[in-house]
Amino acid sequence: MAPVKLAEYLFTRLRQLGVDSVHGVPGDFNLTMLDHVEPAGLNWVGNANELNAAYAADGYARIKGLGAIVTTFGVGELSAINAIAGAYAEFAPVVHIVGIPARQLQETRTLMHHTLNDGEYRRFAQMAAQVTIAQTRLWDAATSAQQVDDVLIQCLLHCRPVYIELPVDMVDASVSGDRLQTPIHVPEPEASPVLDDVLAKILARIESAKQPIIYIDGESRPLRILDALQQLVSTTKWPTFTSPFGKGLVEETEQNYHGVYQGQWGKKAVHDFVNGADLVLCFGPHFSGTNTYMWNSIPQGGEMISFTIGGIKIGAEHYRDIPAKLILSRLIKALDMSKIKSYSPYPDIPNYELLDVSSPSGHDIIKQDKVWQILANLIRPGDIVMGETGTPGFGVREMPLQKNCRAFTHVTWLSIGYMLPAAQGAALAQKELISASKWHGIKKAKTILFIGDGSFQMTAQEMSTMIRHNLDVVIVLINNDGYSIERFIHGRRQGYNDVAPWRYLEAPSFFGAPKDTYTASAKTWAELRTILDDDRVNNTNGLSMFEVVMEREDAPPGQLQKVLDMQIERENKTN
């Protein structure tokens, strides 16, 4: 095969790995690179700013398996670095490609724009090294193709962002095209010498368990064990719970699925049952405070066997270098159903259910205690459901999902404003998979974004990208007059938790949506029912948007309500 240009090689590799669209913003150090995007068969998204572009690439990656963003040197990449850090914290495989000044300019320490004017060109790469799993600078045509392949393998293997620097004068450098004939493959896990012994210990504990449960967390996705995990849940029929990060990773229509476990903040019957377990099979633990209701929802019953990024943990014993994917596949083959606990009759464990909008009185104002299980009526099979940091993130956790749905809620990074651009990326990935007949056989699905008014103001510009690419997105704006979740924590009557009162439903028009774009507002249950009964919302073509107006100090029941009550109690003691 004839030699190819380095930028062509890079974008062709992304295309081979399933990336169909590249997010980003043009800048003078990446313009010639961008000339190679569309010829490689990729769609250039074009975002409103680099932060949003990186958020969008993150959302795209979590659905498609890999995302990519292109920024310019310095000012562009630093705008994106907050989102790249979030992708690192929450395991989103994003390829961050930075167009950098020509090698000659760097070697002579020329005082160029987009620098700190000190001749030092490595500062930004040093920053990126703290929030990416691998980095490379394409400085020599003889090694650049190998460098590209190596860093992409690291991105896929670890499911975390990587950083590629492409100098302007290297964009058209010739590299071997023959390498493109050999696909990039993630190395398959190999058996450790102690794998059989560890498997035997796990089987022994499973067979002796009297009240076992399954707990699924979000690092199951980078472990690449979701298919096997679904098989385990369906086969054992053991009671199954997830963390917020794990929500949507297994089918919630399974009879033995019982929602997001909230510890003492959830239903008492669920909490008691989990505490009574004598064995917890825990997959992909990600025990950050905000993913575990401040460490309250880590199952505390019997012995825990954890399948982790770093190996297998059986109680206090840690067996490193045993791939979760390999041992889980062998475990499923070795299970003898006649020897393990069969829940018959099945225990009475409550779950979250849909509520009909007619259940509350029609003229009453909308309240947090019921709205999420009513808004769940929007969800159809194959939809992507996203809840921004704040009350929407807590609300989405209580929404029952339909078959083949995915869910995003706040987990660890909690950068307010993330979800709107991430919804753009996720919806684009969903659209591409539907077009390729790879979305569970579903031909029509949508992305539903639940977002507060304060968060919306952070990244509202990316609505224009949704509109430009005709993405099927329903935006449900929770208008409760400011940063409510911050009010619950501290300063419930302080001005710093206020935001400007926008006319939110005019946003689609301002950002270029067609004049017939559906918008609506609901302050009462009756008004909300009218919206939910409208086919333009349930089967949206392009963008739809409605707002749900609620009181500023109305908290979802559970942890947030308790935090608010504690603040009011402190105020009363002070007064």
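These figures come from a predicted structure and were not determined experimentally.

Draft legend 1. Looking closely at the sheet that holds strand E9 (residues 212-216). Read from one edge of the open sheet, seven strands run E11-E10-E9-E12-E13-E14-E15, paired in mixed fashion. Strands at the two margins of the open sheet, each flanked by one partner only, are strand E11 (257-260) and strand E15 (317-320). In this sheet, adjacent strand axes meet at a mean angle of 15 degrees when their direction is disregarded. In the packing of helix H9 (residues 226-236) onto the sheet, the strands contacted are E9, strand E10 (240-242) and strand E12 (279-283), and the crossing angle to E9 comes to about 155 degrees.

Draft legend 2. The arrangement of the packing of aromatic side chains in detail. Under the definition given, this model contains 14 aromatic pairs. Ring centres 5.8 Å apart and planes at 75 degrees place the aromatic pair Phe456 and Tyr504 in the edge-to-face group. Of this pair, Phe456 sits in helix H15 (residues 453-459) while Tyr504 sits in the loop between helix H17 (484-489) and helix H18 (507-510), and the two are 48 residues apart along the sequence. Under the relative-accessibility criterion, Tyr504 is labelled buried at 4%.

Draft legend 3. Quick look at the packing of helix H12 (residues 368-375) against helix H19 (residues 525-532). Between H12 and H19, whose axes approach to 12 Å, the crossing angle comes to 15 degrees. In terms of their interaxial angle, H12 and H19 are classed as roughly parallel. Considering only the axes of H12 and H19, their crossing is right-handed. In this structure, H12 contributes Lys370, Val371, Ile374 and Leu375 to the contact, and H19 contributes Trp525, Leu528 and Leu532.

Draft legend 4. Up close: the UniProt feature "binding site: Mg(2+)" (unreviewed entry) in the chain. UniProt annotation of "binding site: Mg(2+)" (unreviewed entry) refers to Asp453, Asn480 and Gly482 when read in the numbering used here. Look at the named residues: they lie 30 residues apart in sequence, but the longest C-alpha span between them is just 7.0 Å, so in the fold they bunch up. Along the chain, Asp453 turns up in helix H15. Given a relative accessible area of 2%, Asp453 falls into the buried group. The residues touching Asp453, leaving out its near neighbours within four places in the chain, are Leu477, Ile478, Asn479, Asn480, Asp481, Gly482, Val499 and Tyr504. By the secondary structure assignment, Gly482 is in the loop between strand E19 (473-479) and H17. The buried category is assigned to Gly482, whose relative accessible area is 3%.

Basis of the calculations
Residues numbered from 1 in each chain as written. Predicted model: local features only at pLDDT ≥ 70, side-chain atom pairs only at ≥ 80, totals over all residues. Heavy atoms only, no water. Pairing = 2+ DSSP bridges. Helix = DSSP H or I, 4+ residues; strand = E, 2+ residues; numbered from the N terminus. Axes fitted to C-alpha atoms, helices over the stretch in contact; angles between N-to-C directions. Contact = heavy atoms within 4.5 Å. Phe/Tyr/Trp six-rings, centres within 6.5 Å; stacked < 30°, edge-to-face > 60°. Buried < 20%, exposed > 50% of the residue type's maximum accessible area, 1.4 Å probe, protein only. Parallel < 35°, antiparallel > 145°, perpendicular 65-115°, else oblique. Left-handed = near helix turned anticlockwise from the far one by under 90°. UniProt positions renumbered as here; feature names shortened; annotations may be inferred.

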